[in-house]
Amino acid sequence: MNKIFEIPLYAYERSADQDAETPVRRKVVVVGAGPIGLGAAIDFAQQGIEVVVLDDNDKVSFGSRAVCYAKRPLEILDRLGCGKPMVDKGVEWNIGKVFFDERQVYQFDLLPEDGHEFPAFINLQQYYFEEYMVNRVRELQEQGAPIEIRGRNKVLKVEEKTDHAAILVDTPEGQYHLEADWLIACDGATSPIRGMMGLDFVGRIFEDNFLIADVIMEAEFPTERWFWFDPPFNKGQSALLHKQPDGVWRIDLQLGWDIDKEEEKKPENVIPRLKAMLGDDVEFELEWVSIYTFQCRRMETFRKGRVLFAGDAAHQVSPFGARGANSGLQDTDNLVWKMKLIFDGIADESLLDSYDYERIHGADENILNSSRSTDFITPKSDMSRVLRDAVLDLSEVHEFARPLVNSGRLSVPCTYDGSPLNSADALLDGPARTRPGSPCPDVPLGDEFLLPKLGDKFTLLTIDAEAPDSIEESGITVTRLALSTKTDPTQMLKERFLGEAESGVYLIRPDQHVAARRPSFDETLIRAAIRRAIGKE
Amino acid sequence: MSDLNLTPNIAGADDFYAELLATHEGLSKADSDALNARLVLVLANHIGDRAILSQALAAAALKSEE
Ligand SMILES: Cc1cc2nc3c(=O)[nH]c(=O)nc-3n(C[C@H](O)[C@H](O)[C@H](O)COP(=O)(O)OP(=O)(O)OC[C@H]3O[C@@H](n4cnc5c(N)ncnc54)[C@H](O)[C@@H]3O)c2cc1C
């Protein structure tokens, strides 16, 4: 049987654009059909914006790569119509164990908060994730949505023009020219487009290599995340074991800097390492092996004229904390509604400056967290190793040391504090977690949940407060969603959105981040908040 | 905001110092370093206050107050 990542899912087909006399102008061209490019394209198509995706390949991700998906990206994917299949197929986990040397030092429970439609985390192979996204593209196409994926269309050249990007594409049948009003570069960590445009990519490269192996085995290991510091089977290094669906297990083994990558990747070298870890009697089959060097870096700016960068092309982090794909999806979640407003003539291009501000803020937070994890996992000096080992030794006997153990701080969405789109917080007794800039937390509403009701439009959420059913401002219709804590048996609405306040009125953006909040409706101030949220105040 | 106490505060200073040395007695350099590291972490947790901890780090680094 072929593996899903061996079957072409968007095989090359000749496009009429290849036969055009003069280059065809497209509204949006997305380069890269990885998770971020596909996420962007689905979002555009759902908004009725014509989009063409170009990818030099015709298959989903080779090997699993990303395996851990957090709540916020799952919520975004639900809005894009592929969150539920992921949760259905994915493996949920809450328990993690930490080992040091030969012993387990402690275990933790993520203790996910109740009252959310989506779990805190699922594990799922990246190839399934991409397959579900391609399925969603097909579904949209059947409904007549203007979305197209062109497999084996490799971008060779991108030139920035005043009002478009000129693209040269190579295909199995030769080259063709294409133009895009806007180009979204989601072409991955090595981003050829970044290179073609001579843009920088600065940050820190960690001098370390990791062997990443996916093995298929019938094993008794529970559905938990196991992390080893300095284990007997990988002395002086670290290791990770994590479960995926279909009896596939992710194993990460730190190898150190001075190694021969090609040698280490050979099955005759990989298998003995895995046997030392799993035990001699465990039967397993290697599905995928790869060696990685991690980097934490980002572009200085994510926009260059009509070209916008998102996902790994714009920023890269070490995988400790599962922040790559998770944060990339937040990029396009942030970008697409803004572009829609620009296309509709409602917002000016300058609204895109807030994409840079907000997502660079997100990237920096992710880079900070994942650099710190990497520094804990791979101490850079003798004293940092002494301190690291002291934390681990103490964590076995004293609870206080456990929060200091850092084997990856799992991805959480960032709050856009200080964003120019936020209005000053006017709900003074309100909870910090829903201050302006925050992603709305989910809340159960009877048999339903809050986030799907917010959808992808501006919403005026009123809680025990009066307001008009809808407001027209600067070409935007903001619809009211009226809720009451009096009919909320769980009181989670109060806890997450009111805190000590009696009532609240929230202006929520299409990406479900809070733009403004106040205790009651005030027409002048809410209108100003709407204008501010689209870059017009 | 409270400040790091940098005036004498340990009753029986000689006793404490002797106990500190005794805890290290017979340990190799590596084991002593590890013990010191654990001690720092235990004490830091007891203090807890982030501002005081920063002042303590600066004091230990023999940095004069700006
Ligand atoms: C071992 C490992 C573990 C990871 N674990 C996690 C995890 O648990 N959670 C998580 O969130 N993230 C994780 N990540 C990160 C995650 O895999 C990436 O962040 C994610 O794939 C980025 O998606 P992307 O769409 O930006 O880029 P990619 O997935 O790299 O896609 C880029 C696409 O662009 C195409 N392309 C490139 N150049 C051209 C060109 N010139 N013309 C046309 N097409 C082109 C490529 O074919 C490719 O399809 C992990 C990564 C690794 C390596």
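In this text the structure is predicted, and so the values were computed from the model without any measurement.

**Comments concerning the interface of chain B and chain A**
Next, step 1: Residue-level contacts link 7 residues of chain B with 8 residues of chain A.
Next, step 2: Contact between chain B and chain A buries roughly 670 Å² in total, counting both sides, with carbon and sulfur atoms accounting for 87%.
Next, step 3: Along the contact surface separating chain B from chain A lie 0 residue pairs in polar contact (both at pLDDT 80 or more).
Next, step 4: Here the residues of the side of chain B that touches chain A are counted per class, giving 4 nonpolar, 1 polar and 2 charged.

**Focus on the packing of helix α2 (residues 71-79) of chain A against helix α8 (residues 324-343) of chain A**
All names here are of chain A.
Next, step 1: Two elements in contact, α2 and α8, have axes whose closest approach is 9 Å; the angle formed by their N-to-C orientations is 45°. Classified by the interaxial angle, the pair formed by α2 and α8 is oblique. Crossing handedness for the pair α2 and α8: left-handed. Facing R72, P73, I76, L77 and R79 of α2, the residues of α8 in contact are N326, L329, Q330 and D333.

**Observations concerning the packing of aromatic side chains**
All names here are of chain A.
Next, step 1: All told, the structure shown has 20 aromatic pairs over all chains when counted by the stated rule.
Next, step 2: Taking the centre distance of 5.2 Å and the plane angle of 50° together, the rings of Y127 and Y128 count as tilted.
Next, step 3: Judged by its relative accessible area of 3%, Y127 is buried.
Next, step 4: Taking the centre distance of 5.1 Å and the plane angle of 80° together, the rings of F497 and Y506 count as edge-to-face.

**Observations concerning the sheet that holds strand β4 (residues 91-92) of chain A**
Pairing between the strands of a sheet is mediated by backbone hydrogen bonds and can be parallel or antiparallel.
All names here are of chain A.
Next, step 1: With antiparallel pairing, 3 strands are arranged side by side in an open sheet as β3-β7-β4. Since the sheet does not close on itself, it has two edges, and those belong to β3 (68-70) and β4, each with one partner.
Next, step 2: Of the pairings in the sheet, the one linking β3 to strand β7 (residues 121-123) comprises 3 bridges and is antiparallel in character. By the bridge assignment, A70 is partnered in β7 with F121.

**Some points on the pairing of strand β2 (residues 51-54) of chain A**
All names here are of chain A.
Next, step 1: Every second residue of β2 is oriented toward a common face, with V51 and V53 on one face and V52 and L54 on the other, all of them buried.
Next, step 2: Two strands pair when backbone bridges link them, and strand β1 (residues 24-31) and β2 are joined in this way by 4 bridges, in the parallel orientation. Bridge pairing in β2 places V28 opposite V51.
Next, step 3: In this fold, β1 hands off to helix α1 (residues 35-46), which returns the chain to β2; that crossover is right-handed.

**Description of the sheet that holds strand β15 (residues 248-256) of chain A**
Residue and element names in this part refer to chain A.
Next, step 1: Here 8 strands make up an open sheet; going across it, the order is β6-β5-β13-β14-β15-β12-β16-β19 and the pairing mixed. Two strands lie at the open edges of the sheet, namely β6 (103-109) and β19 (315-316), each paired on one side alone.
Next, step 2: The pairing of strand β16 (residues 284-298) with β19 spans 2 bridges and is antiparallel. If you follow R298 over to β19, its bridge partner there is H315.
Next, step 3: On the sheet, helix α7 (residues 267-278) packs against β12 (202-217), β13 (225-229), β14 (238-244), β15 and β16 and is oriented at approximately 95° with respect to β16.

**With respect to the packing of helix α10 (residues 382-397) of chain A against helix α2 (residues 29-47) of chain B**
Next, step 1: Close contact between α10 of chain A and α2 of chain B brings their axes to 9 Å; oriented N to C, the two are set at 65°. Put simply, α10 of chain A runs roughly perpendicular to α2 of chain B. Crossing handedness for the pair α10 of chain A and α2 of chain B: right-handed. Contact with α10 of chain A, carried on its side by V386, L387, A390, V391, D393 and L394 of chain A, involves D33, A34, A37, R38, L41 and V42 of chain B of α2 of chain B and no other residues of that element.
Next, step 2: Classifying every residue of the contact of α10 of chain A with α2 of chain B gives 9 nonpolar, no polar and 3 charged.

**Observations regarding the site of the ligand**
All names here are of chain A.
Next, step 1: Close to the ligand lie 30 residues; D55, D56, Q126, D312 and N326 are nearest.
Next, step 2: Between an oxygen atom of the ligand and a side-chain N or O atom of D56, the distance comes to 2.6 Å.
Next, step 3: A distance of 3.1 Å is found between an oxygen atom of the ligand and a backbone nitrogen or oxygen belonging to V67.
Next, step 4: Protein contacts shield 89% of the accessible area of the ligand, which totals 1,000 Å² for the unbound molecule.
Next, step 5: Elements supplying a minimum of two residues to the shell around the ligand: α1, β9 (154-160) and α8.
Next, step 6: Counting residues per element, the shell around the ligand draws most heavily on α8, at 3 residues.
Next, step 7: Split by residue class, the shell around the ligand holds 15 nonpolar, 8 polar and 7 charged.

**Structural notes on the domain arrangement of chain A**
All names here are of chain A.
Next, step 1: Parsing chain A into structural domains produces domain 1 (4-90 + 121-201 + 297-365) and domain 2 (432-533).
Next, step 2: Taken over C-alpha atoms, the centre of domain 1 sits 30 Å from the centre of domain 2.
Next, step 3: On the domain 2 side, the residues contacting the 13 residues of domain 1 number 15 residues.
Next, step 4: Counting each side, the surface lost to burial between domain 1 and domain 2 is near 1,100 Å², with a carbon and sulfur contribution of 52%.
Next, step 5: At the junction of domain 1 and domain 2, the tally comes to 2 salt bridges.
Next, step 6: A salt bridge links R79 to D456, with the shortest nitrogen-to-oxygen separation between them at 3.9 Å.

**Some thoughts on the pattern of salt bridges**
When the charged atoms of two side chains lie near each other, side chains of opposite charge can form a pair.
Residues and elements named next belong to chain A.
Next, step 1: Within this structure, the stated rule accounts for 54 salt bridges over all chains.
Next, step 2: A salt bridge links D456 to K457; the nearest nitrogen and oxygen atoms lie 3.1 Å apart.
Next, step 3: The residue D464 makes a salt bridge to K486 at a minimum N-O spacing of 3.7 Å. With D464 in the loop between β22 (459-463) and β23 (470-473) and K486 in the loop between β24 (476-483) and α12 (492-498), this pair connects stretches of sequence that are 22 residues apart.
Next, step 4: Salt bridges sharing partners connect three or more residues here, namely D43, R72, E75, R79, D333, D456 and K457.

**A short note on the confidence of the model for chain B**
Next, step 1: Confidence along chain B averages 94 in pLDDT terms, with 94% of residues attaining 70 or more.
Next, step 2: ipTM for the predicted complex: 0.96, alongside a pTM of 0.94.

**Digging into the environment of Q237 of chain A**
Residue and element names in this part refer to chain A.
Next, step 1: Summarising the element assignment, Q237 is placed in the loop between β13 and β14.
Next, step 2: A relative accessible area of 19% means that Q237 is categorised as buried.
Next, step 3: Dropping the residues within four chain positions of it, Q237 is found in contact with W228, F229, D230, P231, Q254, L255 and G256.

**Re the state of the cysteines**
Next, step 1: Overall, the coordinates contain 0 disulfides over all chains when judged by the stated rule.
Next, step 2: C414 of chain A provides the cysteine sulfur closest to C440 of chain A, a residue in no disulfide bond, and the two sulfurs are 14 Å apart.

**Concerning the side chain of S15 of chain A**
All names here are of chain A.
Next, step 1: Note that S15 resides in the segment before β1.
Next, step 2: Residue class for S15 comes out buried when judged on its relative accessible area of 8%.
Next, step 3: Of the polar contacts made by the side chain of S15, one reaches the backbone nitrogen of D17; its length is 2.9 Å.
Next, step 4: Excluding residues within four positions of it along the chain, S15 makes contact with E148 and R150.

Rules behind the numbers
Residues numbered from 1 in each chain as written. Chains lettered and ligands numbered in written order. Predicted model: local features only at pLDDT ≥ 70, side-chain atom pairs only at ≥ 80, totals over all residues. Heavy atoms only, no water. Contact = heavy atoms within 4.5 Å. Buried area = accessible area lost by both parts, 1.4 Å probe. Polar contact = N/O pair within 3.5 Å; in protein donor to acceptor, adjacent residues only side chain to side chain. Nonpolar A, V, L, I, M, F, W, Y, C, P; charged D, E, K, R; others polar. Axes fitted to C-alpha atoms, helices over the stretch in contact; angles between N-to-C directions. Helix = DSSP H or I, 4+ residues; strand = E, 2+ residues; numbered from the N terminus. Parallel < 35°, antiparallel > 145°, perpendicular 65-115°, else oblique. Left-handed = near helix turned anticlockwise from the far one by under 90°. Phe/Tyr/Trp six-rings, centres within 6.5 Å; stacked < 30°, edge-to-face > 60°. Buried < 20%, exposed > 50% of the residue type's maximum accessible area, 1.4 Å probe, protein only. Pairing = 2+ DSSP bridges. Right-handed = clockwise from strand over helix to strand, strands pointing away. Near = heavy atom within 4 Å. Areas by Shrake-Rupley, 256 points an atom, 1.4 Å probe, with all protein chains shown as cover. Domains from an automatic or database assignment. Salt bridge = Lys/Arg side-chain N within 4 Å of Asp/Glu carboxyl O. pLDDT = per-residue confidence, 0-100. Disulfide = S-S within 2.5 Å.

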